[in-house]
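Here is how the chains run, residue by residue.
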Amino acid sequence: MHKIDELELKIKEAMKIVGYDIESITLNPSNRPDLGDYQYNGAMALAKIYHDSPMNIANKIVNAIKNFSEFKEISVANPGFINITLSDSFLIDFANTSLKDINSNYNLGINKTIFLDYGGPNVAKVLHVGHLRSANIGQALNNLCKVVGCKTISDIHLGDWGRPMGMVILEIKTRYPDLAYFKDNYNGEEVDFNLTNEDLLELYPTATTKAKENENIMEEARKINLELQNKHKGYYALWKKIVEVSLSEVKRLYKDLNVDFDLWEGESDNFEYMNELFEYLYSKNIIQKSDGAEVINVKEESDKKEMPPLILVKSNGAVSYEATDLAAIWERTHKYKLDEIWYIVDKRQELHFTQVFRASYKSGIVNDDTKLIFNGFGTMNGPDGKPFKTRDGGVMPLSDLLDNVTKVCETRLMESITENRERIARTIAVAAIKYADLLPFRTTDYNFDIDKFTDLNGKTGTYLLYSCVRMNSLLQKANNANIKYEDIKILSTDNERKILITMLDLKRMIKRSFENYSLNEICEYLYKITNLYNNFYAENKVLIEENNDKKTSWLALTKLIFDNNKYLLNILGINIPEKM
Ligand code: ARG
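What you see is a predicted model; the values in this text were computed from it and never measured. (Residues numbered from 1 in each chain as written. Predicted model: local features only at pLDDT ≥ 70, side-chain atom pairs only at ≥ 80, totals over all residues. Heavy atoms only, no water.)

A few points about unusual backbone geometry
Formally: Here a strand is any run of E in DSSP of at least two residues, a helix any run of H or I of at least four, and the numbering for each starts at the N terminus.
The omega torsion of the bond from Asn 78 to Pro 79 falls at -5°, within 30 degrees of zero and hence cis. Relative to the assigned elements, Pro 79 resides in the loop between β3 (71-77) and β4 (81-86). Within the chain, His 51 stands out as a residue other than glycine whose phi angle is a positive 50°. With respect to the helices and strands, the residue His 51 is situated in the loop between α2 (43-50) and α3 (54-65).

Next comes the structure, spelled out in structure tokens:
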């Protein structure tokens, strides 16, 4: 059990003996550190139950617990706060347990199975900055789920299906009508057709513009798309090629961002379940016809806002994005036994998911035991607060953004590094981008600001990496000087205490992060503890310290903070470079 939990239990038992029998008590980190490390504010509530003044109650409690070895000091403040200063031995015990078993601050014993849907890039379209947040937040939440004890299944949910695919195929057909894919006798053989991601980035906008401007072209694309859905041999083979080319670029970028998936499925995979799904929905009698479309009514009495019906099939016969997501839920819940499905998607898609979730429960595709959770996120805007654009007004491809930040990191931060420059610059750039992206609460919009994000003296990924590299180098030097250290023996400065008090709250911070589906507290925590460590570092010359207990305790503390920061950064998907 965590030391704070243990202490709470012990206090609760002691309170029972003096007549206050309550279910549980909570100690909170003090917001007046000058008065104590932790606070118990329960006397105010007890006053109402036991018809006594909070001051009297607080004093009685303090009398019952004041001799605990866990305390260095305990006092009562008006109107009934109990302030606790923890003993050094308590903090040292905690630190040494954490040092031996980092996991002990993370494993919450939550053993749910959670399916995470994030990334969501679209085939043949440029991977742009909008997809960055889904990948960053999704991957970090996935990592967080795992450290608290859950089993996870992640899926990229590729946008690889639908009419745009028909448009792109039509455009290729128009340009290269002689390709084997388009011959009646095509039989699935390999076709010598060199298609690159750059080609696709040009083909897609050209094809969609043409279709929008010309109804005949649109009609033709629709037809091709329908044939594609029926697995027309040539179109299907070409489509496979398009997906493959697109995906290889997506994989390259995601690898740099430390983003990975268990399943690289797409909407096309969900489509395999469409017939089954429709059969089921018809059998449940919940589909209605409306102006030629097929819809499910998802309005609820308590709705204050307008709730339009979910459109399954549009009046032109096309199967909708909503239907795809229902098919996805159908597939996922039939294949796996899931406690929760999380969607990490732009918050502007909230209505879509509300409709899909309601239809899923209403039709019984999922039962009430499976929670469907929409984790929307805010937008990353340009420095001017408007949607992020390239200089000529287009969307900013993610690869360009990564390259730009990498260049800035290289010129700004790495004068002294000669070896592996490129790789290290990339690692630092990814940290700068990711930290800035995860720092605001998930639903908050933020402005992209390259100078701010790479500032070595700010609340940034680069500051954190720099600090960690320095901790690591201190440990390396100790190692080279053959200084042996194992655990913390004494606390000799106030900063050490502050570091450990902050670390005591780590496990609860992780719990809150998991419950809020947000990484911002982890980011704040990393900054706070790193600052405290740097204050300590500036104040003490570790390696030339003459008192051996002090020196080895300081090294053990450094190792604790380094290991733990590394663990936390790992959750965020950030690596620490060997040098900086
Ligand atoms: N491909 C979609 C888009 O770019 C995002 C997919 C989100 N996930 C989902 N299950 N609908 O808008």
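So, the site of the ligand
The line we're drawing: Any residue with a heavy atom lying within 4 Å of a molecule or strand is counted as near it. Pairs of N or O atoms are called polar contacts if they sit within 3.5 Å, as long as, within protein, a hydrogen donor faces a hydrogen acceptor (for residues adjacent in sequence, only side-chain-to-side-chain pairs). For the area figures, the Shrake-Rupley method with a 1.4 Å probe applies, and any residue is considered shielded solely by the protein chains shown. Throughout this entry, Asp, Glu, Lys and Arg are counted as charged residues, while Ala, Val, Leu, Ile, Met, Phe, Trp, Tyr, Cys and Pro are counted as nonpolar. The remaining residues, Gly among them, count as polar.
Residues in close proximity to the ligand include Asp 117, Gly 120, Asn 122, His 131, His 157, Tyr 321, Asp 325, Tyr 343, Val 345, Gln 349 and Phe 353, which together make up its full environment. At 2.9 Å, a side-chain N or O of Asp 117 approaches a nitrogen atom of the ligand. At a separation of 3.4 Å, a nitrogen atom of the ligand approaches a polar side-chain atom of His 157. In the complex, 84% of the free accessible area of the ligand, which totals 350 Å², lies under the protein chains. Within the residue set of the shell around the ligand, elements represented by two or more residues are α12 (321-335) and β10 (340-346). Each residue belonging to the shell around the ligand can be placed in one class, and the counts come to 4 nonpolar, 5 polar and 2 charged.

Regarding the sheet that holds strand β9 (residues 310-313)
This is how the line gets drawn: Two strands make a pair as long as DSSP finds a minimum of two bridges between them. Axes here refer to lines fitted to C-alpha atoms; in helices the fit is confined to the stretch in contact. Angles between the N-to-C directions go from 0 to 180 degrees.
Here 3 strands make up an open sheet; going across it, the order is β7-β8-β9 and the pairing antiparallel. Only two strands of the sheet have a single neighbouring strand rather than two, namely β7 (288-290) and β9. Taken over all neighbouring pairs, the strand axes of this sheet differ in orientation by 45° on average, direction set aside. As judged from the 3 bridges shared by strand β8 (residues 293-296) and β9, these two strands associate in the antiparallel manner. Bridge assignment links Val 295 to a residue of β9, and that residue is Ile 311.

Section: the environment of Pro 121
Put simply, the rule is: What makes two residues a contact is simply this: any of their non-hydrogen atoms within 4.5 Å.
Note that Pro 121 resides in the loop between β5 (113-117) and α5 (130-147). Each residue touching Pro 121, except ones within four places of it in the same chain, is listed here: Leu 127, His 131, Ile 156, His 157, Leu 158, Gly 159, Val 250 and Tyr 254.

Side note on the sheet that holds β3
The antiparallel open sheet is built from 4 strands, whose spatial order is β1-β2-β4-β3. Edge positions in the open sheet fall to β1 (28-29) and β3, since each of these has one partner strand only. Strands in contact with α3 are β2 (38-40), β3 and β4; relative to β3, the strand with the most contacts, it is inclined by about 165°.

Here's the deal with helix α6 (residues 163-175)
In plain terms, the rule: In this scheme, a helix's expected span is set at 1.5 Å multiplied by one less than its residue total. Note on classification: 1.4 Å probe, protein chains only; a residue is buried when its accessible area is under 20% of the maximum for its type, exposed when over 50%, partly exposed between these limits.
For α6, built from 13 residues, the straight-helix expectation of 18 Å at 1.5 Å per residue is met to within 8% by its first-to-last C-alpha distance of 19 Å. For α6, the set of buried residues is Met 165, Gly 166, Met 167, Val 168, Ile 169, Leu 170, Glu 171 and Ile 172. If you follow the buried residues of α6, they end up packed against α7 (197-213), α8 (215-229) and α9 (233-256).

Section: the side chain of Thr 558
Within the secondary structure, Thr 558 sits in helix α21 (residues 548-572). In contact with Thr 558, not counting residues within four places along its chain, are Met 471, Leu 474, Leu 475, Tyr 533 and Phe 536.

Some words on the pairing of strand β6 (residues 151-155)
For clarity, the cut-off: Here, the term right-handed applies to a crossover whose path from the first strand over the helix to the second runs clockwise when the strands point away from the viewer.
In terms of residue burial, β6 counts as a mostly covered element, since 4 of its 5 residues are buried. Pairing geometry for β5 and β6, over 5 bridges, is parallel. Bridging across to β6, Thr 113 finds its partner in Lys 151. As a crossover connection, the stretch from β5 through α5 into β6 is right-handed.

What to know about the packing of aromatic side chains
For clarity, the threshold we go by: Only rings of Phe, Tyr and Trp enter the pairing, Trp through its six-membered ring, and a pair is recorded when the two centres are within 6.5 Å. The plane angle decides the type: under 30 degrees is stacked, over 60 is edge-to-face, the rest tilted. Charge-over-ring placement is defined geometrically: NZ (Lys) or CZ (Arg) within 6 Å of the ring centre, and within 35 degrees of the ring normal.
Taken as a whole and assessed by the stated rule, the structure comprises 29 aromatic pairs. Here Tyr 118 and Phe 261 contribute two aromatic rings whose centre-to-centre distance is 4.8 Å and whose plane-to-plane angle is 40°, an arrangement assigned as tilted. Taken together, the positions of Tyr 118 in the loop between β5 and α5 and Phe 261 in the loop between α9 and α10 (267-271) put the pair 143 residues apart, joining distant regions of the chain. Judged by its relative accessible area of 6%, Phe 261 falls in the buried class. A connected cluster of aromatic rings, assembled from ring pairs, spans Tyr 176, Tyr 181, Phe 182, Tyr 186, Phe 193 and Tyr 235. In this structure, Lys 10 is placed above the aromatic ring of Phe 68, and the distance from its NZ or CZ to the ring centre is 4.4 Å. The residue whose ring lies beneath Lys 251 is Trp 264, and the NZ or CZ to ring-centre distance is 4.6 Å.

Notes on the packing of α5 against α21
Note the threshold: Here is the rule for angles: anything less than 35 degrees is roughly parallel, anything more than 145 is roughly antiparallel, 65 through 115 is roughly perpendicular, and the remaining ranges are oblique.
At a minimum axis separation of 7 Å, α5 and α21 run at an interaxial angle of 130°. Classified by the angle between their axes, α5 and α21 sit oblique to one another. Side by side, α5 and α21 meet where Ala 140, Asn 143, Leu 144 and Val 147 of the first sit next to Tyr 567, Asn 570, Ile 571 and Leu 572 of the second.

Considerations on the pattern of salt bridges
What counts, and what does not: Salt bridge, as applied in this entry: a Lys or Arg side-chain nitrogen positioned within 4 Å of an Asp or Glu carboxyl oxygen.
Evaluated as defined, the whole model comprises 40 salt bridges. For Asp 303, the salt bridge is made with Arg 358, and the minimal N-O distance between the two is 2.8 Å. Of this pair, Asp 303 sits in the loop between β8 and β9 while Arg 358 is found in helix α13 (residues 350-363), placing the two residues 55 residues apart along the sequence. Assessed through its relative accessible area of 17%, Arg 358 is described here as buried. Connected via shared salt-bridge partners are Asp 37, Lys 72, Asp 88 and Arg 497.

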